[in-house]
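Structural overview for review
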Amino acid sequence: MRRNFWIGFAIVLLILFSFPAHRPVAQPNPALAQGRGGAVASVDRRATEIGIEVLRSGGNAIDAAVATAAALGVTEPFSAGIGGGGFMLIYQKAADRVITLDGREEAPASATVEMFKDPDSPMGEPLPFSPNRISNGAAVGVPGTLPTWEEALKRYGTMSLSEVLRPAIDLARNGFEVDQTFANQIQQNQARFAAFTSTQALYLPNGQPLVVGSVFKNPDLAKTYELIATEGLNPFYRGEVGEAIVQTVQHPPTVATPPFQVIPGGMTMADLDRYAVRSRSPLVTNYRGYKIYGMGLPSSGGTTSHEVMNIAENFDLSGLDSVKAWHTIIEAERLAFADRNQFIGDPEYVDVPLVGLQSAGFAQTRRALIGDRAPEKEFRATAGNPLLFQDDPSPSMTASTPSAQIRVQQAGSTTHLTVVDRMGNIVSYTFTIESIGGSGIVVPGYGFLLNNELTDFDPMRPHPNSPEPGKRPRSSMAPMIVFAPNGEVIAYGSPGGSTIITTVLGISFNLMDFGLSLADAIAAPRISQRNGGVTQVDSSFEQTDLGKSLTTLGHILEPVPEIGAATGITIAPDGLMTAAAEPVRRGGGSAMTVDR
Ligand code: GLU
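Read on for an overview of the structure. In this text, all values refer to a predicted model and were calculated from it rather than measured experimentally. (Residues numbered from 1 in each chain as written. Predicted model: local features only at pLDDT ≥ 70, side-chain atom pairs only at ≥ 80, totals over all residues. Heavy atoms only, no water.)

Broken down by element type, the chain carries 20 helices and 19 strands. Taking 2.2 N^0.38 as the reference for a compact globule, 596 residues should give roughly 25 Å; the C-alpha atoms of the chain span a radius of gyration of 24 Å, in line with that estimate. The buried share of the chain, taken over its 596 residues, is 61%. Carbon together with sulfur atoms contributes 55% to the accessible area of the chain, which is approximately 22500 Å² in total. The distance from the centre of the 45 positive side-chain charges to the centre of the 58 negative ones in the chain is 4 Å. (Helix = DSSP H or I, 4+ residues; strand = E, 2+ residues; numbered from the N terminus. Rg over C-alpha atoms; globule rule 2.2 N^0.38 Å. Buried < 20%, exposed > 50% of the residue type's maximum accessible area, 1.4 Å probe, protein only. Areas by Shrake-Rupley, 256 points an atom, 1.4 Å probe, with all protein chains shown as cover. Lys, Arg positive; Asp, Glu negative; His and termini not counted. Charge placed at Lys NZ, Arg CZ, Asp CG, Glu CD.)

As structure tokens, this is what we get:
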């Protein structure tokens, strides 16, 4: 009897703890999912869930991508949002075509090459890069994110902006739990955020960063999204939000004695009114039978990654030992970045020799420069001459200053999301506010951070990437859509400033030459050479056998805490969708499918 009682008691306990109704079922690997009814991969679980819900309710990939992006504007406000810009690649299955939308921020009419000069410097020295140049009104470009969402939905979506903003409005209003990444990003920016009253009020309540586990609500952002949901983009580009942006840029809301000099910008309502998204042709290249679609100018992401692949294609990377293979890739990156830094700018302002840069003949001249060892630390590759490989070999009217400055990028800004729907439509979208925390300035009363994208210009003349009125700064964003020879379709992308290019290249080579799955290629160590003296790598990489062997070939490896936080999705020929995000970087991402 007594024995039966205990057996019964144990069974009750087992049932209670096996099926806790209130506890969500833990997903074994939140960064990897397989299914057939559509898929979303982003850096954040809540954003991915919102995208999945849109797909589940019948929306297509474009609807789900915008809903996911709007949610990321709430949960990843230091990486991206309506105060910034980005580039969207869309594959329309029915028409079998790839379209790109350029929603890059634009310089206001007041932009000049002197815009970042220190007003107090008698010699006209530039402001120090951080915090001064990145945290002010002059660095703010006219945002392009909302017009990208609107244009994408209007042309290729099935739902209205108002509908897809709804879940993000609820998220901003009801709040969400602060995680470690969110808290870290505030801590890293504490001094900068504390310089602006509006940013301090939102992210440093009582002067302290929000703590992990607390609930963060952003009612001002909910109100801004709500306004856009009911009235469209006019309040933002021609009405009350626009006026608040202009006021913020021209008179940054600093505390009484900011710890650094904050210069104003000159953006006006006319600058906002003039903004338009551009629909541009994608850049296409072929590599080992894969057809690779990338983003065109003013991003350097497509052309630079294609040039590296063109240079690498004549080497049998999979046949070489891994040290020689990665040495070759590093050297190809070094050369392609020299060309990028010399020739790329906004195509509406400068003649970029794109045909030459993408040509096989030019790649051949660059390939010939790759030696058996890495060059000296002080060595910087000089640009090649792509003009010889164009039908029109006349030089661009805008000559370039050689040795464009190479600046070390802060890791971690920007975000990439990938979505596919049950019909096979795909969105590969990278968007940003530039630095982590953008300009550091929240628009008072509207709950979003303004970008500091104009720091992507090279503040020198002549240079194709000089600041000019209405011009878009050169970007590195590189959303990709790839068609494999076996019928698989693969979409991916990453954040990380100029390391975006080397991150998508690393993923590409791991997929196309070294036989890794997309998930393994995303998780693999990063190796990034951008024509600097050192090659940046993940912190643990230096001690690996490959790391040590690369060092013996003369490569100077610099460990950095984080390079990229990629996401991607593959669609197998039989329709199986595999969504993948980072297992570890940036706290781990989130991949889900509609029917797991
Ligand atoms: N501003 C950068 C670019 O467009 C993106 C920001 C980043 O990832 O650091 O290339």
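The next point concerns the pattern of salt bridges. The full count for this structure, using the stated rule, is 28 salt bridges. The shortest N-O distance in the salt bridge between glutamate 49 and arginine 45 comes to 3.1 Å. In this pair, glutamate 49 and arginine 45 both sit in helix α2 (residues 45–56), four residues apart, roughly one turn of the helix. The class for arginine 45 is partly exposed, based on a relative accessible area of 47%. (Salt bridge = Lys/Arg side-chain N within 4 Å of Asp/Glu carboxyl O.)

Bringing the packing of aromatic side chains into the picture now. One pass over the full model with this rule turns up 19 aromatic pairs. When the centroid spacing of 4.7 Å and the interplanar angle of 65 degrees are considered together, the rings of phenylalanine 78 and tyrosine 203 count as edge-to-face. Of the two residues, phenylalanine 78 is situated in the loop between α3 (61–75) and β3 (85–92) and tyrosine 203 in helix α9 (residues 197–203); the sequence distance between them amounts to 125 residues. Overall, the relative accessible area of 1% leaves tyrosine 203 in the buried class. For the ring pair tyrosine 429 and phenylalanine 431, a centre distance of 4.6 Å and an interplane angle of 5 degrees mean the geometry is stacked. Like phenylalanine 431, tyrosine 429 is buried. (Phe/Tyr/Trp six-rings, centres within 6.5 Å; stacked < 30°, edge-to-face > 60°.)

Within the open sheet, the seven strands sit side by side as β1-β18-β17-β13-β12-β9-β8. Their pairing is antiparallel. In this open sheet, the two strands that pair with only one neighbour each are β1 (32–35) and β8 (283–287). When strand polarity is set aside, the average angle formed by the axes of neighbouring strands in this sheet is 15 degrees. As paired strands, β8 and strand β9 (residues 290–294) are joined by five bridges and run antiparallel to one another. From the neighbouring strand, threonine 285 faces β9, where its bridge partner is isoleucine 292. The strands that helix α18 (residues 499–512) touches are β8, β9, β12 (480–483) and β13 (489–493); relative to β13, the one it contacts most, it runs at about 155 degrees. (Pairing = 2+ DSSP bridges. Axes fitted to C-alpha atoms, helices over the stretch in contact; angles between N-to-C directions. Contact = heavy atoms within 4.5 Å.)

Every second residue of β8 is oriented toward a common face, the buried set being Leu283, Thr285 and Tyr287 and the non-buried set Val284 and Asn286. In textbook terms, the turn of a hairpin is the stretch between consecutive antiparallel strands, and for β8 and β9 this stretch comprises two residues, one of which, arginine 288, has a positive phi near 50 degrees.

A word on unusual backbone geometry. For the peptide bond that leads from leucine 297 to proline 298, omega is 10 degrees, which places it in the cis range. For proline 298, the location among the structural elements is in the loop between β9 and α14 (301–312). Unlike most non-glycine residues, arginine 288 shows phi in positive territory, near 50 degrees. Residue placement: arginine 288 occurs in the loop between β8 and β9. In the Ramachandran plot, glutamate 434 falls in the positive-phi region, its phi being about 80 degrees despite a non-glycine side chain. Judged by relative accessible area, which is 6%, glutamate 434 ranks as buried.

Here alanine 41 is to be found in strand β2 (residues 38–42). A relative accessible area of 0% places alanine 41 in the buried class. Along the backbone, alanine 41 and glycine 51 are 10 residues apart, and their C-alpha atoms lie at a distance of 9.0 Å.

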